[in-house]
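# Report on the structure
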Amino acid sequence: MEIYIHVPFCKRKCLYCDFNSYQNCDKELFLRYLTALNREIELAGRAFENYENKRKITSVFIGGGTPSLLDCEDIKTVLESVKNHFDVVDGAEISIEANPESLTEEKLAAYRSFGINRLSIGVQSLYDDNLRAIGRIHDARTAKDVVNLARKYFDNLSCDLMIGLPFDSAERVREEIEYLAPILDHMSVYQLIVEEGTPLAGLVESGKIAIPTDDETIDLMHTAVDTLSRFGFVRYEVSNFAKNGKYSRHNYGYWTREEYIGFGAGAASYLRLADGASAEKEVRFSSKKSILDYANGVDAASDFFAVKRDEYCELSQSEINDEKIMLGLRTSGGVEKSILPQSVYEKYSKYFVEDGDLVRLSNEGFDVMNTILVELMSFDD
């Protein structure tokens, strides 16, 4: 099983961000949140103390928000809480996200001493005009310096890069990757999505910021894929690339529907639970998004499953099949051909690659993945 730990704090929210994160929070709220977080971990450990398969943890991922905004001792305490209440197996992947402006050499050394063995840095762009346009608070020089410094401490190093930014070009995307690829083991390359209700959406709608068209962004993605391939990176998921087999084991667990618990405000979980008889049910649930609602709910609960949630859903067989398709087709592993509606598969067959009983999307298929998934998910026998 996997564990995700959400740190919902940021120094300042980016203009494109619709994640559950909060800016300019004070130390008192940090403490209130971390106290609840450690208690929730303890409650979960108790809930699964008799279930060996759910106590063995193969990966821990500390995400956000900006986890590197916290003091090192706060990160240490949370990791110790996980290790005290669960069995983190030898060789487990333990990752933390960080932003360049809040990452120091002291923190890098501390993370390594805590047993963190994978670092993911939110670079997003190596051009200052793009960074300013999306509201990032670091500059390109800081990002480059931090990435090079992090290489001294981590032999499993990843960066996030965003394409389809206002001032992007094929030449820029190629140059960014040519700079980062020799240093990194993993890269996540995301296409900018203008989420409704974000400040960026307002700027785009008002014409104050122009972004590349969908077709132009697809062309930029092709440039990224080709450039990464030259450096030995393999595309193992639609937006993720790794060399030397250093894919994100934690994220790959999401796509292959491995069980995971999400701790923290707004964090999601997926579990397979016995219903008291011989049957098993698959459930997804997420915590309260508000920091105070989350903390109050944890404090009031005597059991992990009694914590008040924003969402709780028991999956039907149809929903399980849809998830297998939707998540599996994001990856290079693909899905069993037999679970795909035959008529939809035949319609888009040119975008699939067959490998025995499995099928996966080609690079061209990834370009139109959302269109294919909409038809697959809406198919009605």
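The structure we're discussing is the one just above.
Here is what the cut-offs are and how they apply
- Residues numbered from 1 in each chain as written.
- Predicted model: local features only at pLDDT ≥ 70, side-chain atom pairs only at ≥ 80, totals over all residues.
- Heavy atoms only, no water.
- Disulfide = S-S within 2.5 Å.
- Buried < 20%, exposed > 50% of the residue type's maximum accessible area, 1.4 Å probe, protein only.
- Salt bridge = Lys/Arg side-chain N within 4 Å of Asp/Glu carboxyl O.
- Helix = DSSP H or I, 4+ residues; strand = E, 2+ residues; numbered from the N terminus.
- Phe/Tyr/Trp six-rings, centres within 6.5 Å; stacked < 30°, edge-to-face > 60°.
- Arc of directions from axis to C-beta.
- Contact = heavy atoms within 4.5 Å.
- Pairing = 2+ DSSP bridges.

### Observations regarding the state of the cysteines
As enumerated under the stated definition, the model contains zero disulfides in all. Take Cys-10: it sits in no disulfide, and the sulfur closest to it among the cysteines is that of Cys-17, at 6.2 Å. Residue classification places Cys-10 among the buried positions, given a relative accessible area of 11%.

### Some details on the pattern of salt bridges
Tallied over the full model, the rule gives 20 salt bridges. The partner of Lys-288 in a salt bridge is Asp-310, with the nearest N and O atoms 3.4 Å apart. Taken together, the residues Lys-288 in the loop between strand 13 (280-287) and helix 11 (291-300) and Asp-310 in strand 14 (residues 309-314) connect sequence positions 22 residues apart. Judged by its relative accessible area of 24%, Lys-288 falls in the partly exposed class. In this structure, a network of salt bridges that share partners links the residues Arg-257, Glu-282, Arg-284 and Glu-323.

### Observations concerning the packing of aromatic side chains
Applying the stated criterion to the full structure yields 22 aromatic pairs. Seen in terms of ring centroids, Phe-285 and Phe-305 are 6.5 Å apart; in terms of plane orientation they differ by 70°. Their pairing is edge-to-face. Note that Phe-285 is positioned in strand 13 and Phe-305 in the loop between helix 11 and strand 14, a separation of 20 residues in sequence. Taken together, the ring pairs connect Phe-48, Tyr-51, Phe-86, Phe-263, Phe-285, Phe-304, Phe-305 and Tyr-312 into an aromatic cluster.

### Some words on helix 4 (residues 105-113)
Every buried residue of helix 4 is accounted for by Lys-107, Leu-108, Ala-110 and Tyr-111. Considered in projection along helix 4, the buried side chains sweep an arc of 165° and stay on one side of the axis. Along helix 4, the residues that are exposed and aim more than 90 degrees away from the buried face are Glu-106 and Ser-113. Residues of helix 4 that are buried in the fold lie against helix 3 (72-85), strand 5 (87-98), strand 6 (118-124) and helix 6 (140-151).

### What to know about the sheet that holds strand 16 (residues 352-355)
The three strands are arranged 15-17-16 in an open sheet whose pairing can be described as antiparallel. Looking along the sheet, the strands with just one partner apiece sit at the ends: strand 15 (335-336) and strand 16. With four bridges connecting them, strand 16 and strand 17 (residues 358-361) associate as antiparallel partners. Looking across to strand 17, one finds that Phe-352 is bridged to Leu-361.

### Side note on unusual backbone geometry
Residue Gly-65 is reached from Gly-64 by a cis peptide bond, and omega for that bond is 15°. Mapping Gly-65 onto the fold places it in the loop between strand 4 (56-64) and helix 3. At Gln-124, a position not held by glycine, the phi torsion is positive, near 70°. Within the secondary structure layout, Gln-124 lies in strand 6. A residue is classified by how much of its surface remains accessible, and Gln-124, at 6% relative accessible area, is buried. Phi is positive for Arg-257, which is not a glycine, with a value near 60°. Along the chain, Arg-257 turns up in the loop between helix 10 (249-255) and strand 11 (260-263).

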